[in-house]
Amino acid sequence: MECNKEEAFRVKGIAESLMVKKDFPTARRIALKAQHLYNDLENVSQMLTVCDVHCAADKKPFRTEMDWYGILQIEEMAFEATIKKQYRKFALQLHPDKNQFPGAESAFKLIMDAQTVLLDKGKLSLHDTKCKAFRSEPAQRYCPPKEGNPQFKLNWLQSSSQAIATAGLST
């Protein structure tokens, strides 16, 4: 088990270096691998939250318009209480005083912007109008992969190993 712990710390370091390079999708996969290697690894959930917010922000299904719902990982018809609850959850994990990972501060700003738009009736109406104009096909929103999917583990292990090998950091 000690071997897995050391390997998990090494892999976590790789994920952190990828976050510095702003490669959040790959950093997310690598952080999941570190968590899989040693489940009690500290702060991996914070890393994953940073990566999830940035991945959602990078995926712009409405051309240039940000998917504020995707950033907070809520449904489009979410109630005000749900928006506030999700914002609080992310704010606790992403606040710059509590999360020192690369990209945490900008992720915190993204969730603040998302809450601002989604709670302001005028901004929300304008956002929804712009998004509807680009909806000739269903929006491709970023959703973190579910671990319950049997294909997830195989794809996840393969992609994580490829990312580590590509970074020239294989064992």
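Parameters and conventions
- Residues numbered from 1 in each chain as written.
- Predicted model: local features only at pLDDT ≥ 70, side-chain atom pairs only at ≥ 80, totals over all residues.
- Heavy atoms only, no water.
- Helix = DSSP H or I, 4+ residues; strand = E, 2+ residues; numbered from the N terminus.
- Salt bridge = Lys/Arg side-chain N within 4 Å of Asp/Glu carboxyl O.
- Buried < 20%, exposed > 50% of the residue type's maximum accessible area, 1.4 Å probe, protein only.

Looking at the secondary structure, you find Asp67 in the loop between helix H3 (44-58) and helix H4 (68-72). Residues Asp67 and Ala57, 10 residues apart in the sequence, show an inter-C-alpha distance of 6.8 Å.

This part takes up the pattern of salt bridges. Working definition: two side chains of opposite charge can pair if their charged atoms are close together. Summed over all chains, the structure comprises 4 salt bridges. Asp52 serves as the salt-bridge partner of Arg28, at 2.5 Å between the closest nitrogen and oxygen. Note that Arg28 is positioned in helix H2 (residues 24-37) and Asp52 in helix H3, a separation of 24 residues in sequence. Grouping residues by exposure puts Arg28 and Asp52 together as buried. Its salt-bridge partner being Lys84, residue Glu80 comes within 3.1 Å of it at the nearest N-O pair. On the criterion of helical spacing, the pair formed by Glu80 and Lys84 is a turn pair, its members being 4 residues apart in helix H5 (residues 80-94). On the accessibility criterion, Lys84 (31% relative accessible area) is partly exposed.

Coordinates in, geometry out; function isn't part of it.
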